[in-house]
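# Results of the structural survey
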Amino acid sequence: MADHKVLAGAHVVLPTGTVENGRVIVDGDRIAGSAPEGAPTVDLTGHWLVPGFVDMHNHGGGGASFTSGTVDEVLKGVHTHRLHGATTVVASFVTGETDFLARRAGLLSELAEQGDLAGLHFEGPFISPCRKGAHDETLLRDPDPAEVRKLIDAARGQARMVTLATELPGGLDSVRLLAEHGVIAAIGHTDATYEQTRAAIDAGATVATHLYNAMPALGHRAPGPIAALLEDERITVELINDGTHLHPAALELAFHHAGPERVAFITDAMDAAGFGDGRYMLGPLAVDVKDSVARLVEGGSIAGSTLTLDRAFKRAATVDGLPVEAVVQAISANPARLLGMYDRVGSLEPGKDADIVVLDAGFELRGVMRKGEWIVDPTAGTAA
Ligand SMILES: [Zn+2]
């Protein structure tokens, strides 16, 4: 059987735990349960085999923007993130005019139908001017269920998530509408109180957009959204683990409180990810990237990240000292479940897509396989 490959000798991270000196069998584009005698073997002794990473919040990379780039540029951005282990990527849009966002959604929905993207995420325009971050304030609007509906219709079944400030007028009705349509309502860029956040969770919100960032800080008399989001089992919290957006102690607090089954590592990456320092545009706003940190030219707000998920993994397993199994949950399994794709990706189980990341003993990325094809070949050590 020429289509079989056996990846052998590695620490294989499965949902049930890590198997030492384990193997993963690939048959064509899928993971298989067994291999025929004499199938070619790739020796990965001393390496880790983990499921391909799933990035549910990502604005671009490789110099390309998902909000404004051409189809070819978007594909280049997706490829850049694949080279860093993210075999499944959702394209996130920053705030724009509704008609512009609807046109972008129509264009990129085709890439999602082809399987190049795992769907679309609208971050804004329904966010709080008090917590606007790197979104153009003049384009922000209160959530309006009719407008929300227009955007998800424009995405032709490929809308996966809408981030909104649920405390604004129309916020809770918009959350209900999203939940009814099977689109994740994510609480973010919000100025909500603790009580308002609880009301949004009761209305059907299930994700916290980059917890801690673009929301009120935890206070002992006014606990705000962070306490409400961390304590509720219906919520998964996104974390940007780049060492800039979060202090390690804040990450540890979230992991400890929510547990590894309720954390999703995201990049929130912008064009400079996997590309380099310089001047970029994030939607209509100019951003300077210096020493890999992206900030608005006007005002200096952090403007997305230049993170790739291989760096987030390494940081989590080394600096943060998290168990590898917990990192895999947060970087692959949990986002795959939220996106409704866990039957195909998010774990190394027979029948699923052969989306596999190879890490060395120091958690440096050495290989990436997507649907059975090496994108980064661990034996060549070079990118295709
Ligand atoms: Zn974002």
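Here the structure is a predicted model, which is why all the values come from computation and not from measurement. (Residues numbered from 1 in each chain as written. Predicted model: local features only at pLDDT ≥ 70, side-chain atom pairs only at ≥ 80, totals over all residues. Heavy atoms only, no water.)

All right, on to the environment of G69 then. With respect to the element layout, G69 can be found in the loop between β8 (64–65) and α1 (71–83). Here G69 falls in the buried class, since its relative accessible area comes to 4%. Along the chain, G69 and K290 lie 221 residues apart, while their C-alpha atoms are 22 Å from each other. G69 has contacts with V74 and R104, leaving out every residue within four places of it along the chain. (Helix = DSSP H or I, 4+ residues; strand = E, 2+ residues; numbered from the N terminus. Buried < 20%, exposed > 50% of the residue type's maximum accessible area, 1.4 Å probe, protein only. Contact = heavy atoms within 4.5 Å.)

Where a protein is soluble and globular, its nonpolar side chains tend to be buried together. Among the nonpolar cores identified, the biggest contains 94 residues, and L211, L239, F265 and F313 are the most heavily contacted of them. When residues of this core are assigned to their parent elements, the largest contribution, 8 residues, is made by helix α9 (residues 324–338). Each of domain 1 (4–50 + 346–383) and domain 2 (53–338) contributes no fewer than three residues to this core. In contact with F265, not counting residues within four places along its chain, are V54, L239, N241, L251, F255, L309, A316, L322, V327, A330 and I331. Formed by 15 residues, the second largest nonpolar core is a distinct cluster that contains L7, A10, I31 and L348. (Core = buried A, V, L, I, M, F, W, Y, C linked by side-chain atoms within 4.5 Å. Domains from an automatic or database assignment.)

Pairing geometry for strand β17 (residues 278–282) and strand β18 (residues 285–290), over 5 bridges, is antiparallel. In the sheet register, R279 faces β18, and the bridge partner there is D288. Hairpin connection between β17 and β18: a loop of 2 residues separates the two successive antiparallel strands, and G283 in this loop has a positive phi of roughly 60°. (Pairing = 2+ DSSP bridges.)

Take the coordination of the zinc ion next. Coordination of the zinc ion by the protein is provided by H57 (NE2), H59 (NE2), E123 (OE) and D268 (OD), with metal-donor distances spanning 1.9 to 2.1 Å. What the 4 donor atoms of the zinc ion show is an angle range of 84 to 165° at the metal, which sorts the shape as irregular. (Donors = N, O, S within 2.8 Å, 3.2 Å for Na, K, Ca; no water. Tetrahedral: all angles 85-135°; square planar, octahedral: opposite > 155°, others 65-115°.)

This part takes up the domain arrangement of the protein chain. Domain parsing of the protein chain yields domain 1 (4–50 + 346–383) and domain 2 (53–338). Each of domain 1 and domain 2 has a C-alpha centre, and the two are 29 Å apart. Taken together, the contact pairs 18 residues of domain 1 with 20 residues of domain 2. Counting each side, the surface lost to burial between domain 1 and domain 2 is near 1500 Å², with a carbon and sulfur contribution of 70%. When the buried area of domain 1 at its contact with domain 2 is split by residue, G346, F363 and R370 rank highest and sum to 35% of it. (Buried area = accessible area lost by both parts, 1.4 Å probe.)

A word on the sheet that holds β17. Overall, antiparallel pairing links the 3 strands, which are arranged β17-β18-β19 in an open sheet. On the outer flanks of this sheet lie β17 and β19 (293–296), each paired with one strand and no other. Going across the sheet, the axis of each strand differs from the next one's by a mean of 35°, ignoring polarity. (Axes fitted to C-alpha atoms, helices over the stretch in contact; angles between N-to-C directions.)

The subject of this paragraph is the sheet that holds strand β16 (residues 263–266). Taking strand neighbours across the sheet as the criterion, the 7 strands line up as β10-β11-β12-β13-β14-β15-β16 in an open arrangement whose pairing is parallel. The open sheet terminates on both sides in strands that have one partner only, identified here as β10 (91–93) and β16. Here β10 runs beside strand β11 (residues 120–123); their pairing, made up of 3 bridges, is parallel. Among the inter-strand pairings, A91 is bridged to a residue of β11, identified as L120. Against the sheet, helix α4 (residues 171–180) contacts β12 (159–164) and β13 (184–187), and its axis sits at roughly 165° relative to β12.

A word on the packing of aromatic side chains. According to the stated counting rule, one finds 5 aromatic pairs in the structure shown. Pairing F93 with F122 gives two aromatic rings, centres 5.5 Å apart and planes at 50°, and the pair type is tilted. Separated by 29 residues along the polypeptide, F93 in strand β10 and F122 in strand β11 bring together distant segments of the chain. Across this residue pair, the class does not change: F93 and F122 are buried. One aromatic cluster is present, formed by W48, F53, F313 and F363 through successive ring pairs. A cation over an aromatic ring shows up here: R337 above the ring of Y342, its NZ or CZ 4.2 Å from the ring centre. Seen from the ring of Y342, K352 lies directly overhead, with NZ or CZ sitting 3.4 Å from the centre. (Phe/Tyr/Trp six-rings, centres within 6.5 Å; stacked < 30°, edge-to-face > 60°. Lys NZ or Arg CZ within 6 Å of the ring centre and 35° of its normal.)

To continue, consider the pattern of salt bridges. The final tally for this structure, using the stated rule, is 18 salt bridges. As a salt-bridge pair, D116 and R82 come within 3.9 Å of each other at their nearest N and O atoms. Of this pair, D116 sits in the loop between α2 (98–113) and β11 while R82 sits in helix α1, and the two are 34 residues apart along the sequence. Of the charged contacts in the structure, one is a salt bridge between D191 and R131, with a shortest N-O distance of 3.0 Å. Taken together, the positions of D191 in the loop between β13 and α5 (194–203) and R131 in the loop between β11 and α3 (145–154) put the pair 60 residues apart, joining distant regions of the chain. Given the relative accessible area of 30%, D191 is considered partly exposed. Given the relative accessible area of 27%, R131 is considered partly exposed. Shared partners join several salt bridges into a network, and the residues in it are D29, R30, D353 and K371. (Salt bridge = Lys/Arg side-chain N within 4 Å of Asp/Glu carboxyl O.)

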